Amino acid sequence: MKIAMLARNPRLYSHKRLVEAAELRGHSMDILNTLRCTVNIASHRPTVAYNGETLAGYDVVIPRIGASITQYGLAVLRQFEMGGVWPLNESVAIGRSRDKLRSMQILAKHGLGLPLTAFAHDPKQSAEVIKAVGGAPVVIKLLEGTQGIGVVLAETDKSATSVIEAFRGANVNILVQEFIKEAGGSDIRCLVVGGKVVASMKRQGAKGDFRSNLHRGGTAALIKITPEERSTAVRAAKHMGLNVCGVDLLRSNHGPVIMEVNSSPGLEGIEAATGKDIAGQIIEFIEANAVAGKTKTKGKG
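Residues numbered from 1 in each chain as written. Predicted model: local features only at pLDDT ≥ 70, side-chain atom pairs only at ≥ 80, totals over all residues. Heavy atoms only, no water.

Undergrad: Mind laying out the sheet that holds strand 13 (residues 196–204), listing which residues take part and the relevant values?
TA: The strand order 14-13-12-15-16 describes an open sheet built from five strands, whose pairing is antiparallel. Where the open sheet ends on each side, the last strands, each with one partner, are strand 14 (219–222) and strand 16 (255–262). Between one strand axis and the next, the sheet turns through 30° on average, direction left out of account. Inspection of the sheet shows strand 12 (residues 186–193) paired to strand 13 by eight bridges, in the antiparallel sense. Looking at the pairing, cysteine 190 lines up with serine 200 of strand 13. (Pairing = 2+ DSSP bridges. Helix = DSSP H or I, 4+ residues; strand = E, 2+ residues; numbered from the N terminus. Axes fitted to C-alpha atoms, helices over the stretch in contact; angles between N-to-C directions.)

The following block contains the structure:
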């Protein structure tokens, strides 16, 4: 197969591993800088150009779209989809996952465990929002944040109100969530491929930091997950419509709760922690499922 990867940095561990795994199995893969792709919109002839040359002949596209360029990246991915190229994750599903509010609404609709979450436009409703999630301490998140950036722990109602008003004063959309103290600054990343949890790790935040992201100095270790945690991760991926994703869970007093579903999960930490060839499993999934023009959502929702 001829595979295109939409990614801006070919030197990232995850991207190099996917290329390595594909070539080991006899496939060719080109890494295309998403921002250098041009969408050419013409009736019955959807094409993508790269550095002025029209792209053709790709069987599969692997979207590794950075959060900061989500909208442009999704436009490029949609163009590949309209041209019949099979996407590892579809544009609609990635769009859902990047909108924290929408993803929470979808997961809640299907009865999956979530921390108490509230959202309001008017900063004057700060007290109402804080009360809705059980009062301080609360976690305040940017809707578009990633890798732990834009996540604040407010330990009192007064500090929570100040943070909410500051964010809303800057016209930034936020979510307010209950703080799961019993998680102890750790979470569980479950890597789902094709409806199965293929690997899981426990991430522990750096000393004094409630965020467990590896990009923020956290550490990772192999962990055995419970059947309920496995089921929660699989159902989350299914309802988000993602073939490959990282599902981040917290162990709360009332069972596993989902913090985030990541449509472009990093492979370095989890491959190191588990010793598993996850890149290889992703390529094997592509081999078994890639069919030209075959999509699940077909642009719905």
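Undergrad: Go over the packing of helix 2 (residues 70–82) against helix 3 (residues 91–98), please, and point to the residues and values.
TA: As a packed pair, helix 2 and helix 3 sit with axes 9 Å apart at the nearest point and diverge in direction by 165°. Between helix 2 and helix 3, the angle falls in the class roughly antiparallel. Both helix 2 and helix 3 take part in a crossing whose hand is left-handed. Where helix 2 abuts helix 3, its residues Thr70, Leu74, Leu77, Arg78 and Glu81 lie against Ser91, Ile94, Gly95 and Arg98. Looking at the contact of helix 2 with helix 3, its residues break down into three nonpolar, three polar and three charged. (Parallel < 35°, antiparallel > 145°, perpendicular 65-115°, else oblique. Left-handed = near helix turned anticlockwise from the far one by under 90°. Contact = heavy atoms within 4.5 Å. Nonpolar A, V, L, I, M, F, W, Y, C, P; charged D, E, K, R; others polar.)

Undergrad: Please provide a residue-by-residue account of the side chain of histidine 15, values included.
TA: Position of histidine 15 relative to the elements: it lies in helix 1 (residues 13–24). Reaching out from histidine 15, the side chain makes a polar contact with the backbone oxygen of asparagine 9 at a distance of 2.8 Å. Filtering out sequence-adjacent residues up to four positions away, histidine 15 remains in contact with Met5, Ala7, Asn9, Pro10, Ile31 and Arg64. (Polar contact = N/O pair within 3.5 Å; in protein donor to acceptor, adjacent residues only side chain to side chain.)

Undergrad: Would you mind going over the sheet that holds strand 1 (residues 2–6) in detail, with residue names and values included?
TA: Two orientations exist for strands paired in a sheet by backbone hydrogen bonds: parallel and antiparallel. In spatial order, the strands read 2-1-6-7; together these four strands make up an open sheet with parallel pairing. Of all strands in the sheet, those bounded by a partner on one side alone are strand 2 (28–32) and strand 7 (86–87).

Undergrad: So what about the pattern of salt bridges? Which residues, and what values?
TA: For the structure on display, the rule yields nine salt bridges. Close ionic contact of aspartate 248 with arginine 189 constitutes a salt bridge, the shortest N to O distance being 2.4 Å. On the criterion of sequence distance, the pair formed by aspartate 248 in strand 15 (residues 244–252) and arginine 189 in strand 12 is long-range, its members being 59 residues apart. Residue aspartate 248 shares its accessibility class with arginine 189, and that shared class is buried. Residues arginine 203 and aspartate 248 are paired through a salt bridge, measuring 3.1 Å at the closest nitrogen-oxygen approach. A residue pair is termed long-range when its members are at least 10 positions apart, and arginine 203 in strand 13 and aspartate 248 in strand 15 qualify at 45 residues. Judged by relative accessible area, which is 5%, arginine 203 ranks as buried. When salt bridges that share partners are traced, they join Arg17, Glu20, Arg25, Glu271, Asp277 and Glu284 into one network. (Salt bridge = Lys/Arg side-chain N within 4 Å of Asp/Glu carboxyl O. Buried < 20%, exposed > 50% of the residue type's maximum accessible area, 1.4 Å probe, protein only.)

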